[in-house]
Amino acid sequence: MIITDLAATQAIGVALAEGIEAQHWPACLLLFRGPLGAGKTTLIRALLGALGVTGTVRSPSFTLIEGYPLAATTVQHVDLYRLNDPAELEDLGFADLLNGRDICLVEWPERAPRLTAQADLLVDLEPLGLLRRVDWQARTPLGSRLSARLPV
Ligand SMILES: Nc1ncnc2c1ncn2[C@@H]1O[C@H](COP(=O)(O)OP(=O)(O)OP(=O)(O)O)[C@@H](O)[C@H]1O
Ligand SMILES: [Mg+2]
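Structural notes, computed from the coordinates. Keep in mind that this is a model prediction, so the values were computed, not measured. (Residues numbered from 1 in each chain as written. Chains lettered and ligands numbered in written order. Predicted model: local features only at pLDDT ≥ 70, side-chain atom pairs only at ≥ 80, totals over all residues.)

### Quick word on unusual backbone geometry
- Positive phi values are uncommon outside glycine, yet H24 reaches one of about 65°.
- The topology assignment puts H24 in the loop between α1 (6-22) and β2 (28-33).
- Given 8 C-beta atoms within a 10 Å radius, H24 is considered exposed.
- Backbone geometry places L64, a non-glycine residue, at a positive phi of 70°.
- Residue classification places L64 among the buried positions, given that 21 C-beta atoms sit within 10 Å. (Helix = DSSP H or I, 4+ residues; strand = E, 2+ residues; numbered from the N terminus. Buried ≥ 20, exposed ≤ 12 C-beta atoms within 10 Å, placed from the backbone.)

Structure representation (structure tokens):
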């Protein structure tokens, strides 16, 4: 779908947060793809805020992983832009994140192509001038349930 403004991107983050809450905060892996400036962090900030994360959400460009502990679970915000080699994921303890406990939100999963096979949901953002094209694809039944509240 084509969205026209920042608020619409944020609404998608909120709808995903509602899906996560409705499913009782399941462990999941959501991947956010798209070029620099597409709006991945913007969307994830809205998602985290709707889940109850307070304070600033910094883009984890340098730390690669930023964890947000919440009452129900921990949300991991990951940005793999600076990953040089998928093998570095091991050093980051990434396997631990996919251990079936945490909610993992990953920007730049293109840097670690094998993650796609493990994902519940792929979200693609494409800038079209001031507009954005947003597409999503559930890869598991959980992914379908999590994305059930997204606008058509
Ligand atoms: N409809 C829109 N959705 C999202 N961002 C928008 C929109 N319109 C304008 N913007 C602007 O585009 C920028 C998106 O930046 P953001 O950091 O979210 O992108 P990103 O995909 O995370 O980039 P990076 O690959 O560098 O991490 C912000 O400055 C935001 O204000
Ligand atoms: Mg970003």
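### Points about the site of ligand 1
- Around ligand 1, the structure places 17 residues, and the nearest of them are T9, G39, K40, T41 and T42.
- Those elements giving two or more residues to the shell around ligand 1 turn out to be α1 and α2 (40-51).
- In terms of residue class, the shell around ligand 1 is made up of six nonpolar, seven polar and four charged. (Near = placed C-beta within 6 Å. Nonpolar A, V, L, I, M, F, W, Y, C, P; charged D, E, K, R; others polar.)

### Section: the sheet that holds strand β4 (residues 74-79)
- Spatial ordering of the open sheet is given by β1-β7-β6-β2-β5-β4-β3, a layout of seven strands whose pairing is mixed. With one partner strand each, in any of the chains shown, β1 (2-3) and β3 (65-69) form the two edges of the open sheet.
- Here β1 runs beside strand β7 (residues 131-138); their pairing, made up of two bridges, is antiparallel. By the bridge assignment for β7, I2 is matched with R133. (Pairing = 2+ DSSP bridges.)

### Here's the deal with the pairing of β3
- Where β3 and β4 come together, five bridges link them in antiparallel fashion. The partner of P69 across the bridge, within β4, is T74.
- Between β3 and β4, which pair antiparallel and follow one another directly, the connecting turn spans four residues.

### Quick look at the environment of C28
- Within the secondary structure, C28 sits in strand β2.
- Excluding its chain neighbours within four sequence positions, the residues that come into contact with C28 are I103, D120, L142 and L146. (Contact = placed C-beta atoms within 7 Å.)

### Brief notes about α1
- Relative to the 24 Å expected for 17 residues at 1.5 Å per residue, α1 spans 24 Å between its end C-alpha atoms, a close match to the ideal helical length.
- Burial in α1 covers these residues: T9, I12, G13, L16, A17, G19 and I20. All buried residues of α1 project into a common sector of 160° when viewed along the axis, lining one side. Of the exposed residues in α1, those oriented more than 90 degrees away from the buried face are A7 and A22.
- The elements touched by buried residues of α1 are β1, α2, β5 (103-107), β7 and α5 (141-146). (Expected span 1.5 Å × (residues − 1). Arc of directions from axis to C-beta.)

### Focus: the nonpolar core
- Residues L30, L31, F32, L47, C104, L105 and V106 are the most contacted members of the largest nonpolar core, which totals 37 residues.
- Of all the secondary structure elements, the ones that give two or more residues to this core are α1, β2, α2, β4, α4 (94-97), β5 and β6 (121-128).
- With six residues, the single largest contributor to this core is α2.
- Apart from the residues within four sequence positions on either side, L47 is in contact with G13, L16, A17 and L105. (Core = buried A, V, L, I, M, F, W, Y, C linked by C-beta atoms within 7 Å.)

### Description of the environment of L43
- By the element assignment, L43 lies in helix α2.
- Since 27 C-beta atoms lie within 10 Å of it, L43 is described here as buried.
- Taking C-alpha positions, L43 is 9.2 Å from A8, a pair spaced 35 residues apart along the chain.
- In contact with L43, other than residues within four places in its own chain, are T9, I12, G13 and F32.

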